[in-house]
Amino acid sequence: MINQQENEYVLYKEGNLARTWEKKLRPKMTPRPRRKFNGLAHTILWIMGVWAVGMGASLLAVHVLVMGYQVDALSSQYTDLTRQNQVLAATVTQLSSPQVLAADSQKYHVALKSPMIHTGIHSAAPAVAKSTPWYGRVSQWILALRQALVAK
């Protein structure tokens, strides 16, 4: 019996006794049971989900319909602008005809030279080298145009 008491003393020596009693006194964590929805709440949530999906699909369908109308309106506007562009191009062509230019030159008392007609004979103007950059060719063309319009 004495040996048994000594063994208990050894077992509950210093820190072991405190840890043992702490384990015994600590409340045990028991997992709480999961709450289950009753059948009515589950059905209501399911119906609300179906309703939300239906509303989303309806909103997307309306949005696609509105976008279709906008595309149609823009297409008709593009067609109108193309026709207007063609009319304006014809008007510019008509106004830049030689007869209209001659009438305007008579009105403003400006002498026009007759347009140069290419006959296949090389003119006295210096030939533009192929290696000349584009802006050099444009400036030479502008100079030739100025010389054609202004009498020397």
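Residues numbered from 1 in each chain as written. Predicted model: local features only at pLDDT ≥ 70, side-chain atom pairs only at ≥ 80, totals over all residues. Heavy atoms only, no water.

**Some thoughts on the overall build of the chain**
The helix and strand inventory of the chain stands at five helices and zero strands. Along the chain, from the amino end to the carboxyl end, the secondary structure elements read α-α-α-α-α. The buried share of the chain, reckoned over its 152 residues, is 2%. Here the chain has roughly 15,200 Å² of accessible surface; of this, 65% comes from carbon and sulfur atoms. (Helix = DSSP H or I, 4+ residues; strand = E, 2+ residues; numbered from the N terminus. Buried < 20%, exposed > 50% of the residue type's maximum accessible area, 1.4 Å probe, protein only. Areas by Shrake-Rupley, 256 points an atom, 1.4 Å probe, with all protein chains shown as cover.)

**Some details on the confidence of the model for the chain**
Residues with a pLDDT of 70 or more make up 76% of the chain, whose mean pLDDT is 79. For the chain, helix α1 (residues 2–11) is the element with the lowest average pLDDT, namely 52, and helix α3 (residues 39–95) is the one with the highest, namely 93. (pLDDT = per-residue confidence, 0-100.)

**A closer look at the pattern of salt bridges**
This structure, assessed with the given rule, holds one salt bridge. Among the salt bridges present, the one from D80 reaches R83, with a minimum N-O distance of 4.0 Å. Pair noted here: D80 and R83 are both in helix α3, with a separation of three residues, about one helical turn. (Salt bridge = Lys/Arg side-chain N within 4 Å of Asp/Glu carboxyl O.)

**Observations regarding the side chain of S105**
Residue position: S105 is located in helix α4 (residues 98–107). From its side chain, S105 meets the backbone oxygen of A102 in a polar contact 2.7 Å long. Setting aside chain neighbours within four positions, we find S105 in contact with V110 and L112. (Polar contact = N/O pair within 3.5 Å; in protein donor to acceptor, adjacent residues only side chain to side chain. Contact = heavy atoms within 4.5 Å.)

**Concerning the side chain of S97**
Tracing the chain through its elements places S97 in the loop between α3 and α4. From its side chain, S97 meets the backbone oxygen of Q94 in a polar contact 3.0 Å long.

**Details of a nonpolar patch on the surface**
Taken together, the side chains of L101, Y108, V110, L112, W134, Y135, V138, W141, I142, L145, L149 and V150 make up a nonpolar region of the molecular surface, amounting to roughly 1,300 Å² of accessible area. Per element, the largest residue contribution to the nonpolar patch is seven residues, and it comes from helix α5 (residues 134–149). Of note, I142 is situated in helix α5. (Patch = residues over 30% accessible without salt bridge, like charges linked within 9 Å, V, L, I, M, F, W, Y side chains within 5 Å.)

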